[in-house]
Amino acid sequence: MSNLSVVVEGVTVSFNSRYVLRDVSLGFPPGLHVILGRNGSGKTTLFRVIDALIKPLKGSVRVLGRDVFKLSRKEVARVIGYVWQNPTYGFFEESVEREVKFILKNLGIAGREDVIEILGIQGLLDRSPFALSGGEARLVSIASVIIADQPVLLLDEPFTSLDMDGVIRVYALIKKLRSEGKTVVIATHNILLAEVLKPDTVTLLDRGVVIYHGGLSGVSDELLEEVGVVSRRWFCSVC
């Protein structure tokens, strides 16, 4: 267990008497990890629990050996970078530059400005974050979190709304973060993204229950279809 950056143990979450996560136990060492599941499977809720935004009914989360629910919000932000599924949720500054660098000012750190170049958003810095296209907002939201250079990164559907150039840039950033020894966890419903990313582990979530956790080779088309995720063979059948 000592090599695990993130340890989730027996986490159960319930909203209005409906279970969203049921006894979820997972461990993520440094590397790249993908969580697969249909819409409503519990992926985003799991991320919010790991980021200490939702306290579970029962269970615990430790990040780098520390109980996340005993940390202040600033302490959490120093160790966990959480990129939300909806990029505009976190926007509130008047310019992209101020938006991207807000976390650095808030935490009092230098961060890493190479993400601005890697994601290609230099030309957006003077614009309002509220006047961006969906793809531009996605890139800015990723930069505004990862610029703080946290050791653990949670990326919720990071490729949504991106054109080819955006996909290539985000893919390059993820490869770089992985090579630096970060713990990168990506939530998606697209098995083809997992195939391209070649993660160290894949987790299948369905109705808040972990159905599978292991290597990508163990994720069969039958299992994907059973949990409501579009399978490889379906994609191939329409290509």
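Residues numbered from 1 in each chain as written. Predicted model: local features only at pLDDT ≥ 70, side-chain atom pairs only at ≥ 80, totals over all residues. Heavy atoms only, no water.

1. With respect to the pattern of salt bridges
So, point 1. One pass over the structure, following the stated rule, counts 20 salt bridges.
So, point 2. Across the pair aspartate 206 and arginine 38 runs a salt bridge whose closest N-O atoms are separated by 3.0 Å. Here the residue aspartate 206 occupies a position in strand β9 (residues 201-206), and arginine 38 occupies one in the loop between β3 (31-36) and α1 (43-50), the gap between them amounting to 168 residues.
So, point 3. For arginine 38, a relative accessible area of 27% translates into the label partly exposed.
So, point 4. Connected via shared salt-bridge partners are Arg112, Asp114, Asp149, Lys176, Glu180 and Lys182. (Salt bridge = Lys/Arg side-chain N within 4 Å of Asp/Glu carboxyl O. Helix = DSSP H or I, 4+ residues; strand = E, 2+ residues; numbered from the N terminus. Buried < 20%, exposed > 50% of the residue type's maximum accessible area, 1.4 Å probe, protein only.)

2. Considering helix α5 (residues 134-146)
So, point 1. Between the first and last C-alpha of α5 there are 19 Å, a value that for 13 residues agrees with the 18 Å anticipated at 1.5 Å per step.
So, point 2. Along α5, 11 of the 13 residues are buried, which leaves the element largely enclosed by surrounding structure.
So, point 3. All of the buried residues along α5 are Gly135, Ala137, Arg138, Leu139, Val140, Ser141, Ile142, Ala143, Ser144, Val145 and Ile146.
So, point 4. Along its buried surface, α5 packs onto β6 (80-83), α3 (96-107), α4 (114-118), β7 (152-156) and α6 (164-179). (Expected span 1.5 Å × (residues − 1). Contact = heavy atoms within 4.5 Å.)

3. Description of unusual backbone geometry
So, point 1. Backbone geometry at serine 17 places phi at a positive 65 degrees, although glycine is not the residue there.
So, point 2. Inspection of the secondary structure puts serine 17 in the loop between β1 (6-15) and β2 (18-28).
So, point 3. Phi at aspartate 23 is positive, roughly 50 degrees, even though this residue is not glycine.
So, point 4. Counting through the fold element by element, aspartate 23 comes out in strand β2.
So, point 5. The class of aspartate 23 is exposed, set by a relative accessible area of 54%.

4. Section: the pairing of strand β10 (residues 209-214)
So, point 1. Relative to β10, β9 is paired through 5 bridges, and the arrangement is antiparallel. Each bridged residue has a counterpart across the sheet, and for valine 202 the counterpart in β10 is glycine 214.
So, point 2. Between β9 and β10, which pair antiparallel in sequence order, lie 2 residues; one of them, arginine 207, sits at a positive phi of approximately 55 degrees. (Pairing = 2+ DSSP bridges.)

5. Description of the side chain of serine 95
So, point 1. Along the chain, the position of serine 95 falls in the loop between β6 and α3.
So, point 2. Among the polar contacts listed, one links the side chain of serine 95 to the backbone nitrogen of arginine 98, at a separation of 3.1 Å.
So, point 3. Other than its neighbours up to four places away in sequence, serine 95 contacts Leu125, Arg127, Ser128 and Pro129. (Polar contact = N/O pair within 3.5 Å; in protein donor to acceptor, adjacent residues only side chain to side chain.)

6. A word on the layout of surface pockets
So, point 1. In this structure, the largest pocket encloses a volume near 610 Å³.
So, point 2. Looking at the largest pocket, it is lined by 25 residues, and the ones nearest its centre are Tyr82, Trp84, Gly90, Ile103 and Val145.
So, point 3. At the level of elements, α2 (73-79), β6, α3 and α5 are the ones that each hand at least two residues to the lining of the largest pocket.
So, point 4. The greatest single-element share of the lining of the largest pocket, amounting to 5 residues, is contributed by α3.
So, point 5. When the residues that make up the lining of the largest pocket are grouped by side-chain class, the tally is 14 nonpolar, 7 polar and 4 charged.
So, point 6. For the second largest pocket, the calculated volume is near 210 Å³.
So, point 7. Asn39, Gly40, Ser41, Lys43 and Thr44 are, among the 16 residues lining the second largest pocket, the residues nearest its centre.
So, point 8. Elements that contribute at least two residues to the lining of the second largest pocket include exactly β2 and α1.
So, point 9. With 3 residues, α1 is the largest single contributor of residues to the lining of the second largest pocket.
So, point 10. Among the residues forming the lining of the second largest pocket, the class breakdown is 2 nonpolar, 9 polar and 5 charged. (1 Å grid on protein atoms, 1.4 Å probe; cavity = no way out; pocket = protein on both sides within 12 Å on 5 of 7 lines; lining within 4 Å. Points joined across faces, edges and corners; volume = space filled by probe spheres on them. Nonpolar A, V, L, I, M, F, W, Y, C, P; charged D, E, K, R; others polar.)

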